[in-house]
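# Secondary and tertiary structure notes
Chain by chain, the residues:
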Amino acid sequence: MSALTVRQVRRRYLTLYGLRWLPTGLMIPVMILLMQERGLSLPQIGLVSTAQGLLVLALELPTGGFADALGRKPVLLAAGALNLASLAVFAVADSFALFFLVWALQGVYRALDSGPLESWYVDATLAADPQAEYEKGLGYAGTVVGVAIGGGALLSGGLVALGPVGPVSALTVPVLAAIVAQAAALVALLVLLVEERPATGVAAVRASVVQAPRMIGEAVGLLRRSRVLLALVAVELFWGFGMVTFESLLPVRLAEVIGNPDRAAALLGPASSAAWIASAAGAALTPLLLRWFGAAPGAALLRILQGVTVVGMGLFAGPVGVLVAYLACYAVHGASNPLHSGLLHRQVDGPYRTSVLSLNSMMGQPAAALGGVVLTALAAATSVGTAMVVGAVVLAVAAPLYLPAWRAGRRAASDLAGVRPASEPAVPRPASDPAGEQVAANPAGPRTADALPGPRRDGTDPTAAVPVERR
């Protein structure tokens, strides 16, 4: 990894990240419609999709530990191959059983794919320059994913508009394009991702399987030892519950204010593409947010703002107001993710990074399921607007959970400046495993240079961004 410069690492990461999300953008507009075209009812579609959620929940932590033990590249290659297989089956599936298989493969793919690429980027960046600022790259990644999904969705709509190609239906054409895009992503991954793996060969795979539970245990142990990390991971519980408002209830709300479900569906296609572009624009603001507010205060403020935008979606009377609030919600969403990611990363050192990312991601799964049950039931019993306001409150309530990270950053800056108040305890030394490796950073983060007072090279405020994490 050290043979690459920081700039080269960032370019490769952003390229691989964009290629990873392009097939998703191509699939979003046609996935449900194609399953309906091939005979599945909406209840059946809901049932087959549960295969993905259950497998992600079951495999998220084991696959994170496996990636930390064996290496990120082989796990990402396996994930890409599974996604390619699921898309190939989706292209020809015509029964409940085959579509269930598609979603099951997607569940394993998403569990394997969750975290390793981002972990590689952070570790490779630090290997190239221990003082490098990786938050900018995480912000750029948010921009890239928005452009990739939004552009893919627009391309998918254009391919459908061209009509069928021979025996291939119009809705199937984007699936074939997604297969080509995923194959290209696999080749790029093989060429661009350079990693110093812990071990190689069949024996290494067996050893990694044995080590994975230990990696998971150490990652869970980090939560017990660090209030900062525990609070950051807990944010995902509130986010997972509240995201139901803008992912599931928005179409119903839009149909309600328009009074015509068909017109609402027609608006949702371009609105979804515009929302992901807005998310990309929000992510591009990461350097400014770090400079103006710092990571923890900025992340807290954005959680509150996101709640405000969801209130707008629930209370505005006309479709224009609802859609403007929807776009604003995604812009805030895109801006908040890099700040949260950066705070999470600063609490973890190398060997357990992917496991902690998997823990963070896993927290959103049961919360989203609970939000889906509670908020849809509330919408049926009262109104969609009421359910959205409740979800908005849950999103905003997560803001105080960034206070431990903010306090840790201020304390670390004071310690290094030699002006720590006598009433504040010293920052504890990091714990180590039996081999002497650092397994948990102190609450201010693993790199003490980041806590030095004064502006950084990129103009961010180190006193606010010292302590650090998803679609």
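The present account deals with the structure reproduced in this document. (Residues numbered from 1 in each chain as written. Predicted model: local features only at pLDDT ≥ 70, side-chain atom pairs only at ≥ 80, totals over all residues. Heavy atoms only, no water.)

Any two packed helices are characterised by how steeply their axes cross, that is the angle between the axes, and by the distance between the axes. The geometry of helix H11 (residues 244-258) relative to helix H15 (residues 319-345) is characterised by a closest axis approach of 9 Å and an angle of 165° between their N-to-C directions. The orientation of H11 relative to H15 falls into the category roughly antiparallel. Between H11 and H15 lies a crossing of left-handed hand. Of the residues in H15, those in contact with Phe-246, Glu-247, Leu-250, Arg-253, Leu-254, Val-257 and Ile-258 of H11 are Pro-319, Val-322, Leu-323, Tyr-326, Cys-329, Tyr-330 and His-333. (Axes fitted to C-alpha atoms, helices over the stretch in contact; angles between N-to-C directions. Helix = DSSP H or I, 4+ residues; strand = E, 2+ residues; numbered from the N terminus. Parallel < 35°, antiparallel > 145°, perpendicular 65-115°, else oblique. Left-handed = near helix turned anticlockwise from the far one by under 90°. Contact = heavy atoms within 4.5 Å.)

We now examine the packing of aromatic side chains. Summed over all chains, the structure comprises 8 aromatic pairs. Their ring planes at 80° and their centres at 5.6 Å tell us that Phe-246 and Tyr-330 sit as a pair that is edge-to-face. With a gap of 84 residues between them, Phe-246 in helix H11 and Tyr-330 in helix H15 connect regions that are remote in the sequence. The residues Phe-246 and Tyr-330 share a single accessibility class, namely buried. Through pairs of rings, three or more aromatic residues link up here, namely Phe-246, Trp-276, Tyr-326 and Tyr-330. In this structure, Arg-20 packs its charged tip against the face of Trp-21, placed 3.7 Å from the ring centre. (Phe/Tyr/Trp six-rings, centres within 6.5 Å; stacked < 30°, edge-to-face > 60°. Buried < 20%, exposed > 50% of the residue type's maximum accessible area, 1.4 Å probe, protein only. Lys NZ or Arg CZ within 6 Å of the ring centre and 35° of its normal.)

Here we take up the nonpolar core. Ranked by internal contacts, the top residues of the largest apolar core, which has 57 residues, are Tyr-13, Trp-120, Phe-246 and Met-313. If one sorts the elements of this core by residue count, H11 sits on top with 8 residues. When sequence neighbours within four positions are dropped, the list of residues in contact with Phe-246 reads Trp-239, Gln-306, Val-310, Met-313, Tyr-326, Cys-329, Tyr-330, His-333 and Leu-395. In terms of nonpolar packing, the next biggest core, distinct from the first, is built from 25 residues, Val-228, Ala-335, Leu-357 and Tyr-402 among them. (Core = buried A, V, L, I, M, F, W, Y, C linked by side-chain atoms within 4.5 Å.)

The next point concerns the pattern of salt bridges. On inspection of all chains with the given rule, the structure shows 3 salt bridges. One salt bridge connects Glu-256 with Arg-253, and the closest N-O pair in it is separated by 2.6 Å. Of this pair, Glu-256 and Arg-253 both sit in helix H11, 3 residues apart, which is roughly one turn of the helix. By relative accessible area, which is 42% here, Glu-256 ends up partly exposed. Take Arg-253: its relative accessible area is 8%, and that puts it in the buried class. (Salt bridge = Lys/Arg side-chain N within 4 Å of Asp/Glu carboxyl O.)

Our next topic: helix H7 (residues 135-161). In a regular helix each residue adds 1.5 Å, so 27 residues correspond to 39 Å; H7 covers 39 Å between its end C-alpha atoms and thus fits that length. Once H7 ends, the next one or two residues include Gly-163, with phi positive near 90°. (Expected span 1.5 Å × (residues − 1).)

Moving on: a nonpolar patch on the surface. Residues Trp-292, Phe-293, Leu-301 and Leu-305 make up a contiguous nonpolar surface patch of about 390 Å² in total accessible area. The residue Phe-293 is located in the loop between helix H13 (286-292) and helix H14 (295-315) in this model. (Patch = residues over 30% accessible without salt bridge, like charges linked within 9 Å, V, L, I, M, F, W, Y side chains within 5 Å. Areas by Shrake-Rupley, 256 points an atom, 1.4 Å probe, with all protein chains shown as cover.)

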